[in-house]
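Secondary and tertiary structure notes
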Amino acid sequence: DVKVTQSSRYLVKRTGEKVFLECVQDMDHENMFWYRQDPGLGLRLIYFSYDVKMKEKGDIPEGYSVSREKKERFSLILESASTNQTSMYLCASSFLRESTDTQYFGPGTRLTVL
Amino acid sequence: DQQVKQNSPSLSVQEGRISILNCDYTNSMFDYFLWYKKYPAEGPTFLISISSIKDKNEDGRFTVFLNKSAKHLSLHIVPSQPGDSAVYFCAATTNSGGSNYKLTFGKGTLLTVNP
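Below is a summary of the structure that appears in this document. (Residues numbered from 1 in each chain as written. Chains lettered and ligands numbered in written order. Predicted model: local features only at pLDDT ≥ 70, side-chain atom pairs only at ≥ 80, totals over all residues. Heavy atoms only, no water.)

1. With respect to the overall build of chain B
Our working rule: Put simply, DSSP H or I for four residues or longer makes a helix, DSSP E for two residues or longer makes a strand, and each gets a number counted from the N terminus. Here the globule rule is a power law, 2.2 Å times the number of residues to the power 0.38, and the radius of gyration is based on C-alpha atoms. Whether a residue is buried, partly exposed or exposed follows from its accessible area with a 1.4 Å probe, protein chains only, as a fraction of its type maximum: under 20%, in between, or over 50%, in that order. Throughout, a contact is declared for two residues whenever any of their heavy atoms are within 4.5 Å.
Counting secondary structure elements, chain B contains 0 helices and 11 strands. Ordered by position from the N terminus, the helices and strands of chain B form the series β-β-β-β-β-β-β-β-β-β-β. Rg of the C-alpha trace for chain B: 14 Å, near the compact-globule value of 13 Å for 115 residues, within the 12% margin. With 115 residues in all, chain B has 43% of them scored as buried. Look at the contacts in chain B between residues 6 or more apart in sequence, and 54% of them connect residues 24 or more apart.

Written as structure tokens, this is what we have:
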């Protein structure tokens, strides 16, 4: 079974703090993705990576950065958290470098920025 | 610009009846479509997909229909069960290769199946 784990289920941070969200997959997947899910807006892609040290901007990259130093780990960084970044953050991975390949999602991190 | 639209935020059906969830898209480059299902406090899980070379794909109780001329797809669940109650996301992508591995998701439809 594919397993995608995220470091925290719930996180509360203050405005201006630097926030790290970690994601690990155990199936040697090539691609990893970070989304945020907001009510009425669905899933929106923040960043994705198709190889170690590679990253591509998604639809809403502003205010975020990412790091992929190892194949199994993909980190999302909020350099200076703001209240509008309060959201559910979902990490996903897929095996093949094909957009049609199934994405496997982690359980999500509910981030609240006060 | 919303390229994948799920215009019904919610749908309520009776157990045993058919559930029909709809999805429209605007980008004519999309040629592969997926449905994901999400329970509260869990990540989405893949449900079923369809390529634009087909107009129907079936997997057990779940069938996806694609109408390319109308840029419309629908997910049918027959018979609906209370365990099907979840948010359903429609997603689309282009199977064109290159470095575009992204999916574009709709806003989701909350399905409630009443016992």
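2. A few points about the state of the cysteines
By definition, a disulfide links the sulfur atoms of two cysteine residues through a covalent bond. Residue and element names in this part refer to chain B. We apply this condition: Pairs of cysteine sulfur atoms within 2.5 Å are identified as disulfides in what follows.
Within the structure shown, the criterion is met by 2 disulfides over all chains. With a sulfur-sulfur separation of 2.0 Å, cysteine 23 is cross-linked through a disulfide to cysteine 90. Handedness here is read from the sign of the S-S torsion; for cysteine 23 and cysteine 90, about -75 degrees, the answer is left-handed. Of this pair, cysteine 23 sits in strand 3 (residues 19-25) while cysteine 90 is found in strand 9 (residues 86-93), placing the two residues 67 residues apart along the sequence. Neither residue differs from the other here; cysteine 23 and cysteine 90 are each classed as buried.

3. Observations concerning the nonpolar core
Basically, it comes down to this: To define a nonpolar core, start from buried Ala, Val, Leu, Ile, Met, Phe, Trp, Tyr and Cys residues and group those joined through side-chain atoms within 4.5 Å.
B:Phe33, B:Trp35, B:Leu73, B:Leu75 and B:Tyr88 are the most contacted members of the largest nonpolar core, which has 23 residues in total. For this core, the elements supplying multiple residues, two or more each, are strand 3, strand 4 (32-38), strand 5 (45-51), strand 7 (62-67), strand 8 (72-77), strand 9 and strand 11 (109-114) of chain B. Apart from the residues lying within four places of it in its own chain, the contact partners of B:Tyr88 are B:Gln6, B:Leu21, B:Trp35, B:Tyr36, B:Lys37, B:Leu47, B:Leu75, B:Ile77, B:Gly108, B:Thr109 and B:Leu111. Counting residues in hydrophobic clusters, the runner-up holds 20 residues, among them A:Met32, A:Ala81, A:Cys91 and A:Val113.

4. Focus: the pattern of salt bridges
Filter applied, for reference: Counted as salt bridges are all cases of a side-chain nitrogen of Lys or Arg within 4 Å of a carboxyl oxygen of Asp or Glu.
Across all of its chains, the model carries 9 salt bridges over all chains by this definition. Across the pair A:Asp28 and A:Lys71 runs a salt bridge whose closest N-O atoms are separated by 3.1 Å. Taken together, the residues span a long stretch of sequence, with A:Asp28 in the loop between strand 3 (19-25) and strand 4 (31-38) and A:Lys71 in the loop between strand 7 (65-70) and strand 8 (73-78) at a distance of 43 residues. For A:Asp28, a relative accessible area of 47% translates into the label partly exposed. Across the pair B:Arg61 and B:Asp84 runs a salt bridge whose closest N-O atoms are separated by 2.8 Å. Highlighted residues: B:Arg61 in the loop between strand 6 (56-59) and strand 7 and B:Asp84 in the loop between strand 8 and strand 9, separated in sequence by 23 residues.

5. Observations regarding the sheet that holds strand 1 (residues 4-6) of chain A
All names here are of chain A. As a reminder, the rule being used: Strands are treated as partners if at least two bridges between them are detected by DSSP. Where helices are involved, their axes are fitted lines through C-alpha atoms of the stretch in contact, as for all axes, and angles between N-to-C directions lie from 0 to 180°.
Across the sheet, which stays open at both edges, the 4 strands sit in the order 1-3-8-7 with antiparallel pairing between neighbours. Sheet topology places strand 1 and strand 7 at the edges, where each strand pairs with a single neighbour. Shown here is a sheet whose adjacent strand axes are inclined to one another by a mean of 20 degrees, direction ignored. Relative to strand 8, strand 3 runs antiparallel, the two being bridged by 6 bridges. Among the inter-strand pairings, valine 24 is bridged to a residue of strand 8, identified as arginine 73.

6. Some points on the pairing of strand 9 of chain B
Residue and element names in this part refer to chain B. Among the 8 residues in strand 9, 7 count as buried, and that is most of the element. As judged from the 7 bridges shared by strand 4 and strand 9, these two strands associate in the antiparallel manner. Each bridged residue has a counterpart across the sheet, and for tyrosine 32 the counterpart in strand 9 is threonine 93. Where strand 9 and strand 11 come together, 3 bridges link them in antiparallel fashion. The residue of strand 11 that forms the bridge with tyrosine 88 is threonine 109. For strand 9 and strand 10 (residues 104-105), the ladder comprises 2 bridges, and the chain directions are antiparallel. The residue of strand 10 that forms the bridge with alanine 91 is phenylalanine 105.

Without other data, these values stay purely geometric and don't point to any function.
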